Amino acid sequence: MWLVGSGDPSLRSDDLRRGVLRLRLAGISRITGVAVDGSALAGPELNPYWNAADANEDFMAPTSGVSIDEDTVEFRIAGASLGQPANVRIKPQSGAVSYYGAIETGYADDVIVAATGTPNIFRLNGTIPPSVREIFYLPVHNIPHYAGVVLSGFLREAGIAVARGPRIARVPRNAAILWDHPSPALAQLVRHMLIFSDNHFAEQFLRVLGSLHGRADDAHGLAAERRILREQHIPVPGLHVVDGSGLAESNRVAAITLARVLAHADADPRGNFLYPLLARDGLDGTLKWYHFAQARGRVRAKSGHLAQVSSLAGYVETRHHGRIVFAF
């Protein structure tokens, strides 16, 4: 049985679990094994321009054709009785992820869940107070194999026998579809990306864009972006972009470029598709804690942050001059 990814960044392991139950209800009780086809997207899992010091952070998850839980795994840590080891649960539980070390239940709260030199093996250390519960999201790697192990585990849980371990293979053209999971509407996915500043969504989208212009990798996605900017006559002084999310410190985008992209969307005679997808000040996502004083309630924007760098670009509805664009 093949698991075939589409590049959809929103697929969750719970979606796969529900799909497995559908298969069981359909009468499937045994398969030879799981083959995973992640060929919808190409290129390395991690962008070579990213800061290696962030490798343990959920905001720097891999990019993959088969993406599950945004290519992260949950570590759920719960304090027990004083002096006793804390309870540790991994979601989704699978043989693809393991850990060593322990977390003690104590008065301090200094839990560490860290990646090691070996992919998908983590180190635990520190203490957590009794009755305290914390969730840590850690990036996983070698995603096609990881997805195959997770799916195989779900199949066995549902009573479907799996004779052998997962492998990586292209789906044959004559394969019959047993279950599919349509992604949400594109506008809904983009809205999530913008409001929550979701780097994983942005990276997946860049490669999907590349697939429409020759190959589903970063280079073709970036070439498509530049072509669109040229077609829209957007000025690009000093433009240097190497990824989809902006995580790389070598990215350079001028404020005038962002402003003109926003203005072009606002001038579309069919209506501004971008405006309703942006976060509202004081209400949504990364803009929830921004305060715009006299403009409160009249701003939609996208923020961006790296170490020692902050940016903000969007729209404000003025009292006397209509909607205007800003980019800082």
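The structure presented is a predicted model; accordingly, all values stated were derived computationally and were not measured. (Residues numbered from 1 in each chain as written. Predicted model: local features only at pLDDT ≥ 70, side-chain atom pairs only at ≥ 80, totals over all residues. Heavy atoms only, no water.)

Participant: How should the pairing of strand β16 (residues 309–317) be read in this particular structure?
Facilitator: Note on strand geometry: in a regular strand, side chains alternate between the two faces of the sheet. As defined by bridge partners, strand β15 (residues 299–306) adjoins β16 across eight bridges and the pair is classed as antiparallel. Paired with Leu306 across the strands is Val309, a residue of β16. Hairpin remark: β15 followed by β16, antiparallel, with two residues in the connecting loop; positive phi at Gln308, about 65 degrees. With five bridges connecting them, β16 and strand β17 (residues 323–327) associate as antiparallel partners. Bridge pairing links Ala313 to Ala327 in β17. (Pairing = 2+ DSSP bridges. Helix = DSSP H or I, 4+ residues; strand = E, 2+ residues; numbered from the N terminus.)

Participant: Sorry, what's going on with the environment of Gln93 here?
Facilitator: On the secondary structure map, Gln93 appears in the loop between β5 (87–91) and β6 (98–101). Sequence separation between Gln93 and Gln294 is 201 residues, and the spatial gap between their C-alpha atoms is 49 Å.

Participant: Sorry if this is basic, but what is going on with the nonpolar core here?
Facilitator: Taken as a class, soluble globular proteins show a tendency for nonpolar side chains to be buried jointly. Of all hydrophobic cores here, the largest spans 36 residues; its most connected members are Val73, Phe75, Val97 and Leu155. The dominant element in this core, judged by the number of residues it contributes, is helix α2 (residues 143–157), at eight residues. Excluding its chain neighbours within four sequence positions, the residues that come into contact with Leu155 are Met1, Val20, Leu23, Ile31, Val34, Ile160 and Val162. (Core = buried A, V, L, I, M, F, W, Y, C linked by side-chain atoms within 4.5 Å. Buried < 20%, exposed > 50% of the residue type's maximum accessible area, 1.4 Å probe, protein only. Contact = heavy atoms within 4.5 Å.)

Participant: Got a minute to help me understand the pattern of salt bridges in this structure?
Facilitator: A side chain of one charge can pair with a side chain of the opposite charge when the charged atoms of the two come close. Across all of its chains, the model carries 11 salt bridges by this definition. A salt bridge links Arg18 to Asp15, with the shortest nitrogen-to-oxygen separation between them at 2.6 Å. Residue Arg18 and its partner Asp15 are located together in helix α1 (residues 13–25), separated by three residues, close to a single helical turn. What makes Asp15 buried here is its relative accessible area of 10%. In this structure, the salt-bridge partner of Asp268 is Arg270, at a minimum N-O distance of 2.9 Å. Overall, the relative accessible area of 76% leaves Arg270 in the exposed class. (Salt bridge = Lys/Arg side-chain N within 4 Å of Asp/Glu carboxyl O.)

Participant: I keep staring at the sheet that holds strand β1 (residues 2–4) and nothing clicks. Help me out?
Facilitator: Each strand in a sheet pairs with its neighbour through backbone hydrogen bonds, running either in the same direction (parallel) or in the opposite one (antiparallel). Strand order across the open sheet formed by three strands is β1-β3-β13, with parallel pairing between neighbours. Both outer strands of the open sheet, β1 and β13 (167–168), are each paired with one neighbouring strand and no more. The pairing of β1 with strand β3 (residues 35–37) spans three bridges and is classified as parallel. Within β3, the position partnered with Trp2 by the bridge is Ala35.

Participant: Sorry, what's going on with the pairing of strand β8 (residues 112–115) here?
Facilitator: Sheet topology note: the β8/strand β9 (residues 121–125) ladder contains four bridges and is antiparallel. Pairing of Val113 across the sheet is with Leu124, part of β9. Hairpin connection from β8 to β9: five residues lie between these consecutive antiparallel strands, with Asn120 at a positive phi of about 70 degrees.

Participant: Which parts of the structure should I look at to understand unusual backbone geometry?
Facilitator: Lys91 connects to Pro92 through a cis peptide bond whose omega is -5 degrees. Relative to the elements of secondary structure, Pro92 occurs in the loop between β5 and β6. The phi dihedral of Asn120 falls on the positive side, at around 70 degrees, and the residue is not glycine. Summarising the element assignment, Asn120 is placed in the loop between β8 and β9. With relative accessibility at 9%, the residue Asn120 sits in the buried group. Of note, the phi angle at Asn142 is positive, near 55 degrees, even though the residue is not glycine. Relative to the helices and strands, Asn142 resides in the loop between β11 (133–139) and α2.

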